[in-house]
Amino acid sequence: HNVQSGRMFGELLNYKEKSYYEHHKTICFDLLTEEGTYEIVAAFVVSMKEEGGLSDFYQYDNFLSEEEFDSYISEIKRNSLYETDVVPEYGQPLITLVTCEYSRDEGRFVVVASLKNQNKANG
């Protein structure tokens, strides 16, 4: 959770500004055996009090079909605070980073990114 002082996960909120995104278009997310660079697909704000739609972003962890994946990508791109040129393909791994957002009741700020490349870690 992002605390209002911004000390914990507050830097994620910098992605609300397109100018920040322009200088930070990728996120490094490494596992024990793999290194991954993820490109920002979309950044958006939702209220967890809303029913359905993007407030259900957390349920999109295993797409059953290409149609579901494409629909989700279209929805997040349509609601993004700014345009990115990244449009992931079906089967491409995604990460979703989420923190509290205080401009609306039960707000969440969400950044979705897709895997750009994958390399085995040395050692």
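One numbering rule holds for all chains: residues counted from 1, following each sequence as written. Residues qualify for local features only when their pLDDT is at least 70, as the model is predicted, and side-chain atom pairs are given and counted only at 80 or more; totals for whole chains, interfaces and linings, by contrast, use all residues. Note: side-chain values were computed over all heavy atoms of the structure, leaving out hydrogens and water.

1. Brief notes about the side chain of Ser47
Mapped onto the fold, Ser47 is located in strand β2 (residues 34–47). Here a polar contact is recorded for every N or O atom pair within 3.5 Å, except that within protein the pair must consist of a potential hydrogen donor and a potential acceptor, and residues adjacent in sequence are included only if both atoms are side-chain atoms. Here the side chain of Ser47 touches Asp105 through a polar contact of 2.7 Å, landing on its backbone oxygen. Strands are runs of DSSP state E lasting at least 2 residues, helices are runs of H or I lasting at least 4, and numbering of each runs from the N terminus.

2. Considerations on the pattern of salt bridges
For salt bridges, the criterion is a side-chain nitrogen of Lys or Arg within 4 Å of an Asp or Glu carboxyl oxygen. With the rule as written, the count across this model stands at 4 salt bridges. A salt bridge links Lys25 to Glu22, with the shortest nitrogen-to-oxygen separation between them at 3.7 Å. Burial classification: accessible surface area is computed with a 1.4 Å probe over protein chains only, and a residue below 20% of its type maximum counts as buried, one above 50% as exposed, and the rest as partly exposed. On the basis of relative accessible area, Lys25 is assigned to the partly exposed category, the value being 37%. Given the relative accessible area of 38%, Glu22 is considered partly exposed. Between Lys77 and Glu83 there is a salt bridge; the shortest N-O distance is 3.6 Å. On the basis of relative accessibility, which here comes to 52%, the residue Glu83 falls in the exposed class.

3. A short note on the nonpolar core
Definition of nonpolar core: a set of buried residues of the types Ala, Val, Leu, Ile, Met, Phe, Trp, Tyr and Cys, connected through side-chain atoms within 4.5 Å. Core analysis: the largest hydrophobic core is formed by 14 residues, its most contacted members being Tyr15, Ile27, Ile40, Phe109, Val111 and Ala113. Formed by 11 residues, the second largest nonpolar core is a distinct cluster that contains Phe69, Ile76, Val86 and Val110.

4. Section: the packing of aromatic side chains
Each Phe, Tyr or Trp ring (for Trp, its six-membered ring) is paired with any other whose centre lies within 6.5 Å, and the angle between the two planes then decides the class: stacked below 30 degrees, edge-to-face above 60, tilted in between. Taken as a whole and assessed by the stated rule, the structure comprises 4 aromatic pairs. Both rings, one in Tyr15 and one in Tyr20, keep their centres 4.9 Å apart while their planes meet at 90°; by these two values the pair is edge-to-face. Judged by relative accessible area, which is 22%, Tyr20 ranks as partly exposed. With 6.3 Å between their ring centres and 80° between their planes, Phe29 and Tyr38 make a pair best called edge-to-face.

5. Quick notes on unusual backbone geometry
Although it is not a glycine, Glu106 adopts a positive phi angle of roughly 55°. You can see Glu106 is positioned in the loop between β3 (94–101) and β4 (107–120). Take Glu106: its relative accessible area is 40%, and that puts it in the partly exposed class.

6. Thoughts on the environment of Ile40
With respect to the secondary-structure elements, Ile40 resides in strand β2. Each C-alpha atom of the pair Ile40 and Tyr15 lies 9.5 Å from the other, and the pair is 25 residues apart in sequence. The contact criterion used throughout is that any non-hydrogen atoms of two residues lie within 4.5 Å. In this structure Ile40 touches Tyr15, Tyr21, His24, Lys25, Ile27, Thr84, Val86, Val111, Val112 and Ala113, once residues within four positions along its chain are discounted.

7. Description of the pairing of β2
The buried fraction of β2 amounts to 10 of the 14 residues, a majority that puts the element mostly inside the structure. Any two strands with at least two DSSP-identified bridges between them are counted as paired. Bridge count for strand β1 (residues 26–28) against β2 is 3 bridges, and the pairing is antiparallel. Considered in β2, the bridge of Thr26 is made with Glu39.

8. Considerations on the confidence of the model for the protein chain
The share of residues in the protein chain with pLDDT of 70 or more is 77%, and the mean pLDDT across the chain is 83. Within the protein chain, β4 has the poorest average pLDDT of any element, 80, and helix α1 (residues 18–23) the best, 97. As a per-residue measure, pLDDT reflects the predictor's confidence and takes values from 0 up to 100. In the model, residues 119–123 has pLDDT below 50 throughout and makes 9 contacts with residues more than four positions away in sequence or in other chains.

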